[in-house]
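So the chains spell out like this:
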Amino acid sequence: IFYFLFFIYIPSSFAQYTTQVSAPSLIIDKMVGIPDSQTKGGALSYVDNLGTADHKFTPGDEVSFQLKVRNATDKKLDTITIQDFLPPSLDPLEGPGTYDDKTRTITIDAGSFAINEEKFYIVKMRVIPQEKLPSDRGLFCEINKAVAKSCDVSDDDVAQFCIEKTVSGVQKVPSAGPEMGLF
């Protein structure tokens with residue numbers, strides 16, 4: 001029995017093709033507010049996303065979003081702009097920036113950020129009236145996206161929330177007792 005022994009030499013020059021993954025240098029974190037049942041006065045808790053098993057908003061409800069932006073670079077960043085893209089089910093209510101009705105975008109001029117500086121913004125919106133919501137869905141979830149950018153760096157994040165419409169047209173549950181049975 002013969003055994004062959006092979007050695008494979010890989011020159012270190014191939015190491016130039018390895019990729020290094022770096023973290024974003026401008027970070028935005030978008031979160032949706034839900035009423036905190038533990039506190040009085042309507043305090044909100046902010047979470048990344050809400051699903052169908054979580055708190056649901058109804059037509060006319062106010063929905064608050066928190067935008068947290070941080071400069072994670074090793075240099076000062078000038079002229080940071082935040083854009084918040086509204087889904088069709090929300091109308092702007094209150095917050096910083098300007099709203100463009102045609103693009104359904106809120107733009108916030110966040111100014112300059114020092115190294116590791118972090119700023120918070122609260123944007124309040126309202127769920128549109130029931131008659132303007134999709135008629136073929138009683139419960140549905142939407143995504144609200146925000147982007148932070150400055151010259152050569154940017155980051156984006158989304159927050160999901162769900163809307164449950166009120167059911168109308170049901171007035172009385174039909175009877176189905178034994179008195180309605182066959183003889």
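Scroll up for the structure.
A brief look at the structure comes next. (Residues numbered from 1 in each chain as written. Predicted model: local features only at pLDDT ≥ 70, side-chain atom pairs only at ≥ 80, totals over all residues. Heavy atoms only, no water.)

A few words on the overall build of the chain. When you go through the chain residue by residue, the secondary structure sums to zero helices and ten strands. Going from the N terminus to the C terminus, the chain shows its helices and strands as β-β-β-β-β-β-β-β-β-β. Classification of the 183 residues of the chain by burial places 29% in the buried group. For the chain, restricting intrachain contacts to residue pairs at least 6 apart in sequence, the fraction spanning at least 24 positions comes to 71%. (Helix = DSSP H or I, 4+ residues; strand = E, 2+ residues; numbered from the N terminus. Buried < 20%, exposed > 50% of the residue type's maximum accessible area, 1.4 Å probe, protein only. Contact = heavy atoms within 4.5 Å.)

The next thing to look at is the pairing of strand 7 (residues 105-113). In this structure, strand 4 (residues 77-85) lies alongside strand 7, joined through seven bridges in antiparallel fashion. When the sheet's bridge partners are listed, Phe-85 is paired in strand 7 with Thr-105. Examined bridge by bridge, strand 6 (residues 98-100) and strand 7 share three bridges and lie antiparallel to one another. Bridge pairing in strand 7 links Tyr-99 to Ile-106. (Pairing = 2+ DSSP bridges.)

A separate point is the sheet that holds strand 10 (residues 153-164). Strands sit in the order 6-7-4-9-10 across an open sheet of five strands; the sheet is antiparallel. Edge positions in the sheet fall to strand 6 and strand 10, since each has one partner strand and no second. On average, each strand axis in the sheet is inclined to that of its neighbour by 20°, with strand direction left out of account. Bridging between strand 9 (residues 139-150) and strand 10 involves twelve bridges; their strand directions are antiparallel. Note on strand 10: the bridge partner recorded for Ala-146 is Asp-157. (Axes fitted to C-alpha atoms, helices over the stretch in contact; angles between N-to-C directions.)

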